[in-house]
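# Remarks on the overall topology
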Amino acid sequence: MKSDLAAPRFKRLLALSILAACLYADAALAQGAKVSSPVELARRAGSLKPGQWVWAPAIAPAGPLLVYVDLSRQLATIYRNGVRIGVSTVSSGKPGHDTPTGVFTILEKNVEHHSSVYHNASMPYQQRLTWDGVALHAGGLPGYPESHGCVHLPYAFARVLFGATRQGTTVIVSKSAGSHGGADGADGGEVLAPSAAVEVQEGDFWAPSRSEKGPVTIVMSRSDQAVVVLRNGVEIGRARATLPPASDADRDTHVLTLADTAGQGRWLYVGVAGHDEESGRQLAEAIRSQVQLPADFYASVSAILKPGATLLVTAAPLSQSGRGSALTVISGAAQ
């Protein structure tokens, strides 16, 4: 008799245990991936699954940071010195609790914030955008808008982003479909180095007065056969180039930094997500000799290079022809 009474209780406990396990599993999945996906996946941001993210800060180790949230695609893109260093899936406000659009600055940061409106809900790595409760923070990521107005990020991504931003960092939130990049899942669909200039300048140019100091980042696009130079996030030069074309077998992204070795400048590879094994390797002269630039442009760039400058070599395009939206994003921060 005692055993019969215990059976229903045992079944109830078992059912509760299974339910708790399922809920715990869902909660864990909602926190997103624990580590960055390979850096190449950033070119196909539309292929990122809910909770996935890419973080490669070595691409641009210094310079102004910009966070761009695309509500239409449920993606956040991070730029430093005008070059994309990260992209992540997000979950924004659901109908009736829409995330506001516009240009914001981070008002305050709190590692262990709890909501004063929604039943003391945990908001890890909170970065406040408005005083009435809208923020970036770690949260659920079901693959569609489901928050009460905040922008939910994968937990691990929220942590690294929190460490990279500061109070006053610019955050742009937009809901224009396709306003940033090309078709979902397409190679090169994301612009890697949008210009900081208000107007597009066609052809080769060199205008260092646009930004007279700050970190230098050089971006070489094998698909465009072109080079862009950014200083402190502003495009100061662009030129045609002869680069080894991107083949189907080699569409990798490579990042190098200029190091001072025994008084001589040398380009060394930086280990980015998916290419950690390259870290510290010196650029081979055989590869370097394949790159050809206009002589006067090469001389101008060489004159401003200092140890710590960054070189990004990619198969992705530098800009989206005729779209112009990426320019607006960056110039909005400058304004």
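For every chain, the first residue of its written sequence is number 1, and the numbers climb from 1 along that sequence. With pLDDT at 70 or above as the cut-off, local features in this predicted model cover only qualifying residues; side-chain atom pairs require 80 or more to be listed or tallied, and sums for whole chains, interfaces and linings still use all residues. Side-chain measures were taken over the full set of non-hydrogen atoms in the model, leaving aside hydrogen atoms and water.

## With respect to the overall build of the chain
Note the following rule: Strands are runs of DSSP state E lasting at least two residues, helices are runs of H or I lasting at least four, and both sets are numbered from the N terminus onward. Buried means the residue's accessible area, taken with a 1.4 Å probe over protein chains only, is under 20% of the maximum for its type, while exposed means over 50%, and partly exposed covers the values in between. Here, two residues are considered to be in contact whenever any of their heavy atoms come within 4.5 Å of each other. Residue burial considers only the protein chains on display, and all accessible areas are found by Shrake-Rupley using a 1.4 Å probe.
The helix and strand tally for the chain stands at five helices and 17 strands. The buried share of the chain, reckoned over its 335 residues, is 47%. For the chain, long-range pairs separated by at least 24 residues make up 64% of all intrachain contacts whose partners lie at least 6 apart in sequence. Summing over all exposed atoms, the chain offers an accessible surface of approximately 16300 Å²; the carbon and sulfur share of this is 55%.

## Some details on the nonpolar core
Spelled out, the test is: We call a set of buried residues a nonpolar core when its members are Ala, Val, Leu, Ile, Met, Phe, Trp, Tyr or Cys and they connect through side-chain atoms within 4.5 Å of each other.
By size, the foremost hydrophobic cluster in this structure holds 47 residues, and its most contacted members are Ile 59, Val 69, Ile 78, Leu 136, Leu 153 and Val 171. Of the residues forming this core, the biggest block, five residues, is contributed by helix α2 (residues 155–164). Not counting the four nearest positions on each side in its chain, Val 171 is found in contact with Val 67, Val 69, Gly 102, Val 103, Phe 104, Ile 106, Leu 129 and Leu 136. In terms of nonpolar packing, the next biggest core, distinct from the first, is built from 20 residues, Leu 243, Leu 258, Tyr 269 and Val 301 among them.

## Notes on the sheet that holds strand β10 (residues 170–174)
What counts, and what does not: Strands pair, by our definition, only if DSSP identifies at least two bridges between them. A fitted line through C-alpha atoms represents every axis, and for helices the fit uses only the stretch in contact; the resulting angles, taken between N-to-C directions, go from 0 to 180 degrees.
Taken together, the six strands give an open sheet; going across it, the order is β1-β4-β3-β2-β10-β5, and neighbouring strands pair in mixed fashion. Strand pairing shows two members of the sheet lacking a second neighbour, β1 (53–55) and β5 (102–105), which therefore form its edges. Pairs of neighbouring strands in the sheet enclose a mean axial angle of 20°, with direction left out of account. Pairing between strand β2 (residues 65–70) and β10: five bridges, direction parallel. Looking at β10, one finds that Tyr 68 is bridged to Ile 172.

## Remarks on helix α4 (residues 295–304)
Convention followed: Read the arc as the range of directions from the helix axis to the C-beta atoms.
Along α4, the residues classified as buried are Phe 297, Val 301 and Ile 304. Down the axis, α4 shows its buried residues gathered within 65° of arc, on one side only. Along α4, exposed side chains directed more than 90 degrees from the buried face belong to Ala 295, Asp 296 and Ala 303.

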